[in-house]
Amino acid sequence: MSKSTIIRLAWLPLCLLLVACHTDMYDQPRYSANQPSDFFEDGRSMRPPPPNTVAMGTFDPNSAMFSGRLEGDLVAELPMELTAELLAHGQTRYNAFCAPCHGLTGAGNGVAAYRGGMQVPTLHDERLRTAPIGYYFDVITNGVNRMYSYAHRIPPEDRWAIAAYTRALQLSQYTVAEALHAEELAELP
């Protein structure tokens, strides 16, 4: 056997010895479930789950909340509670993502449409006013024509907030006068 082979083989037991020395990875301190802890300020060893955590087996990507469809058809009802906070959040998201093309009122006269030389459809068109609310969620998610998908930029809850705000914009432009109260009619010019 050559001298270099013996030197190479001499390293093998040394490496095995060094790997076997560290048992601290096997004997780590740990807590059992619901055992008190001195490490955390609240005294709990079990930590609360991070925000937006979904338990295994409970996520359904085909639900109306995440697909905008129910049994293959676009949903006609908002899959969450309609609140003033939801509309306010939808307005901020709409202003950030949609207004550059569709404009602040949804008339299709945004800055990008004006400077880009493209024709953006008005959200007040009869076809879009009568479309189910799931249509807006679907368009934001998948895009349509020259509009690209916003699925990776806007979470599903925000997409529904934008869809709800879009409905509010449409109602603000096309409300029947007979549906208003006397005080509201007095405020009209």
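The rules behind each value
Residues numbered from 1 in each chain as written. Predicted model: local features only at pLDDT ≥ 70, side-chain atom pairs only at ≥ 80, totals over all residues. Heavy atoms only, no water. Salt bridge = Lys/Arg side-chain N within 4 Å of Asp/Glu carboxyl O. Buried < 20%, exposed > 50% of the residue type's maximum accessible area, 1.4 Å probe, protein only. Helix = DSSP H or I, 4+ residues; strand = E, 2+ residues; numbered from the N terminus. Contact = heavy atoms within 4.5 Å. Disulfide = S-S within 2.5 Å. pLDDT = per-residue confidence, 0-100.

Enquirer: I keep staring at the pattern of salt bridges and nothing clicks. Help me out?
Expert: Side chains that differ in charge, positive against negative, can pair when their charged atoms come close. Going through the model one piece at a time under the given rule, you end up with five salt bridges. When salt bridges with common partners are traced through the structure, they connect Asp42, Arg44 and Arg47 into a single cluster.

Enquirer: How do you make sense of helix α7 (residues 133-142) when you look at a structure like this?
Expert: Within an α-helix, residues lying three or four positions from one another point in the same direction, as the helix has 3.6 residues per turn. Counting buried residues along α7, eight of its ten residues qualify, which places the element largely inside the surrounding structure. Regarding α7, the residues found buried are Ile133, Gly134, Tyr136, Phe137, Asp138, Val139, Ile140 and Thr141. If you follow the buried residues of α7, they end up packed against α2 (64-67), β1 (69-70), β2 (73-74), α6 (126-129) and α8 (156-173). Count one or two residues on from α7 and you reach glycine 143, which has phi positive near 80 degrees.

Enquirer: Is there a simple way to think about unusual backbone geometry in this case?
Expert: In terms of backbone geometry, most residues other than glycine have negative phi values and most peptide bonds are trans. One non-glycine residue with positive phi stands out, namely glutamate 71, at about 55 degrees. Along the chain, glutamate 71 turns up in the loop between β1 and β2. Among the residues examined, glutamate 71 registers a relative accessible area of 80% and is labelled exposed. In the Ramachandran plot, asparagine 145 falls in the positive-phi region, its phi being about 50 degrees despite a non-glycine side chain. As for its position among the elements, asparagine 145 is in the loop between α7 and α8.

Enquirer: Would you explain the state of the cysteines in this entry?
Expert: Scanning all chains against the criterion turns up zero disulfides. With no disulfide partner, cysteine 98 has as its closest neighbouring cysteine sulfur the one in cysteine 101, 8.7 Å distant. A relative accessible area of 24% places cysteine 101 in the partly exposed class.

Enquirer: Quick question: what am I supposed to make of the confidence of the model for the protein here?
Expert: Atomic detail in the predicted coordinates should be set aside for any region of low pLDDT. Looking at the protein, the pLDDT average stands at 83 and 95% of residues meet or exceed 70. Mean pLDDT across the secondary structure elements of the protein bottoms out at helix α1 (residues 3-21), with 75, and peaks at helix α3 (residues 84-97), with 93.

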